[in-house]
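Read off the chains here:
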Amino acid sequence: PVSHGHSASAGSATGGTPRPVTDLRGPATPPPGGAVRHFDLTARMATVTLSPGRKVSAWTFNGQVPGPSLTAEQGDLIEVRLRNADITSGVTLHWHGYDVPSGEDGVPGLTQDAVPPGGEFVYRFVAEQVGTYWYHTHEVSDIGVRMGLYGTLVVTPKGAAPTGLDLTLPVHTLGGVLVTGDRDQSLVKQAAPGTPVRLRLINTDNTPHRFTLAGTPYRLVAVDGTDLNGPGTLAKVGLRLAAGGRYDLAFTMPPDPVVLKIDDRADSVRLVPEGTSPTTAQDASAATESPSTTAAQGDSPTTTQRDSPTTALSATAGAGAVPAADSQTADWPELDLTRYGTPAPTPYTSRSRFDRDFTLVLDRGLALTNGKPAYAHTVNGLAFPNIPTEVVRDGDLVRLTVVNRGRDTHPWHLHGHRVLVLSRNGHSVTGSPLWLDTFDVRPGEVWEVAFRADNPGLWMNHCHNLSHADLGMMLHLAYQ
Ligand code: C2O
Ligand code: CU
């Protein structure tokens with residue numbers, strides 16, 4: 001397996017940067033009024049129990065999958081001491097969607113060396129962006145993330161302690177089983193009718209997931225951590241979430257149950273009104289060993305579905321109790337994000353004058369890898385490390401056009417910057433401005449996005465189907 005960025009040493013991409021990327025580090029102390037949020041994460045192999053009788057061997061942070069949930073308030077200093085106990089290929093922490101200083105970005109071979117067994121690395125950055133993010137290893141990232149080296153990062157506004165129910169639901173396929181949430185989150189949650197609810201959906205897999213929410217109207221209030229402008233009320237739509245992406249959903253708890261389905265599976269995440277069936281809900285969560293699973297998938301679907309805790313749930317809490325929410329959702333139309341919400345002024349548009357223009361044509365085929373032609377996922381016909389680096393100057397306005405000529409979906413991801421979507425397939429965005437860090441370029445699609453190069457250093461630009469990235473579909477962005 002190839003690690004992201006293995007062939008580039010920091011500062012080499014432009015033939016010598018004025019300051020090595022390894023010096024572009026976060027501050028040691030928080031800004032005035034901020035607190036230090038310290039976390040210790042130790043990567044190690046462990047066996048985790050997904051549901052009674054179902055154990056998988058995983059690569060974990062602190063023995064759990066997902067790793068600990070990191071939370072902070074805006075303006076805090078996040079300080080994470082990463083240790084590696086026994087992951088022989090090494091480990092790093094990348095802050096997905098978080099625009100940290102380049103030296104904190106966690107890309108082995110580019111911004112730091114991978115942390116070997118027995119080693120450690122301390123990450124520090126200021127929690128400037130509010131919203132829903134996640135972290136994951138970036139060394140042999142396809143295997144590392146799939147095996148469990150990931151967790152969530154949620155930053156709330158200063159002084160605004162979340163009210164109501166705030167649930168972070170990272171969705172991940174672990175050992176063939178779809179896993180949702182943290183150790184302390186069961187599949188059934190109670191909420192008093194009238195409670196404000198926020199669901200933070202995170203796709204940590206390599207392929208998109210489709211979510212439906214039944215039982216209440218709701219709003220999609222944030223995408224990839226950024227609030228949407230004027231998001232309208234939604235009902236009976238499918239929400240397709242790109243690999244690596246995040247959706248925040250908000251609603252007021254109704255007097256009846258609410259059901260979140262993932263990929264239209266029979267199993268689901270359920271919110272039940274407080275007081276309606278407390279015993280059932282308690283029984284249900286007691287039966288759910290952490291981390292909770294919502295569905296079974298993979299080699300032996302019949303067997304695992306029988307093991308799945310939600311199947312038991314449906315039998316106890318479900319029967320007759322939630323008819324409306326259990327309606328068929330498979331044929332609900334997909335929400336077109338580029339037309340959702342209300343337009344608002346943006347700092348640049350497709351008519352802006354761009355300092356740099358890059359076009360990336362994604363495909364698959366033979367390409368030179370390590371000097372030999374091999375099957376690869378390609379960018380402009382080339383595979384990493386042979387794809388030319390995108391070189392920018394600090395302050396440049398950059399346009400990136402990503403064209404998918406192949407047959408696979410490529411969730412395109414840029415480190416260190418959020419991009420503004422200018423157009424998708426020639427149609428400009430007519431709804432809320434869309435600021436994304438991962439956008440799903442489906443076969444035949446063309447996405448035109450823009451960003452201000454305002455975070456100097458060396459950055460990855462890659463497909464977040466990490467198996468594609470490991471097969472060549474990545475390149476570097478470097479500041480002159
Ligand atoms: Cu979420 Cu380069 O990664
Ligand atoms: Cu891809």
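About the criteria used
- Residues numbered from 1 in each chain as written.
- Chains lettered and ligands numbered in written order.
- Predicted model: local features only at pLDDT ≥ 70, side-chain atom pairs only at ≥ 80, totals over all residues.
- Heavy atoms only, no water.
- Pairing = 2+ DSSP bridges.
- Helix = DSSP H or I, 4+ residues; strand = E, 2+ residues; numbered from the N terminus.
- Axes fitted to C-alpha atoms, helices over the stretch in contact; angles between N-to-C directions.
- Buried < 20%, exposed > 50% of the residue type's maximum accessible area, 1.4 Å probe, protein only.
- Contact = heavy atoms within 4.5 Å.
- Salt bridge = Lys/Arg side-chain N within 4 Å of Asp/Glu carboxyl O.
- Donors = N, O, S within 2.8 Å, 3.2 Å for Na, K, Ca; no water.
- Phe/Tyr/Trp six-rings, centres within 6.5 Å; stacked < 30°, edge-to-face > 60°.

Q: Can you lay out the sheet that holds strand β5 (residues 94-96) for me, pointing to particular residues and giving the numbers?
A: Strands sit in the order β3-β8-β7-β5 across an open sheet of 4 strands; the sheet is mixed. Each of the sheet's edge strands pairs with one partner strand only, and the pair in question is β3 (70-73) and β5. For this sheet, the mean inter-axis angle between neighbouring strands, taken without regard to orientation, is 25 degrees.

Q: Lay out the environment of R424 with the relevant residues and their values.
A: Inspection of the secondary structure puts R424 in strand β27 (residues 419-424). The exposure class of R424 is buried, given its relative accessible area of 19%. On a C-alpha basis, the gap between R424 and W447 in space is 4.6 Å, while along the polypeptide they are 23 residues apart. Dropping the residues within four chain positions of it, R424 is found in contact with D336, T338, R442, E445, V446 and W447.

Q: An account of the pattern of salt bridges is requested, with residue identities and associated values reported.
A: Evaluated as defined, the whole model comprises 25 salt bridges. A salt bridge links E73 to K158; the shortest N-O distance between them is 3.9 Å. With E73 in strand β3 and K158 in the loop between β8 (150-156) and β9 (165-174), this residue pair connects regions lying 85 residues apart in the sequence.

Q: Could you give an account of the coordination of the copper ion (ligand 2), naming the residues involved and the relevant values?
A: Distances from the copper ion (ligand 2) to its protein donors, namely H410 (ND1), C463 (SG) and H468 (ND1), fall within the range 2.0 Å. Expressed as a motif, the donor residue spacing for the copper ion (ligand 2) is H-x52-C-x4-H. Taken together, the residues span a long stretch of sequence, with H410 in strand β26 (residues 410-414) and H468 in helix α5 (residues 466-470) at a distance of 58 residues. You'll find H410 and H468 in the same group, each marked buried.

Q: Tell me about the packing of aromatic side chains, and please be specific about residues and values.
A: Taken as a whole and assessed by the stated rule, the structure comprises 9 aromatic pairs. Where F61 meets Y135, the ring centres are 5.7 Å apart and the plane angle is 55 degrees; that geometry is what we call tilted. Placement of the pair is F61 in strand β2 (residues 54-61) and Y135 in strand β7 (residues 131-136), with a sequence separation of 74 residues. In this pair, the class of F61 matches that of Y135, namely buried. Three or more aromatic residues joined by ring pairs form one cluster here, namely F61, W95, Y98, F121, Y123, F125, Y133 and Y135.

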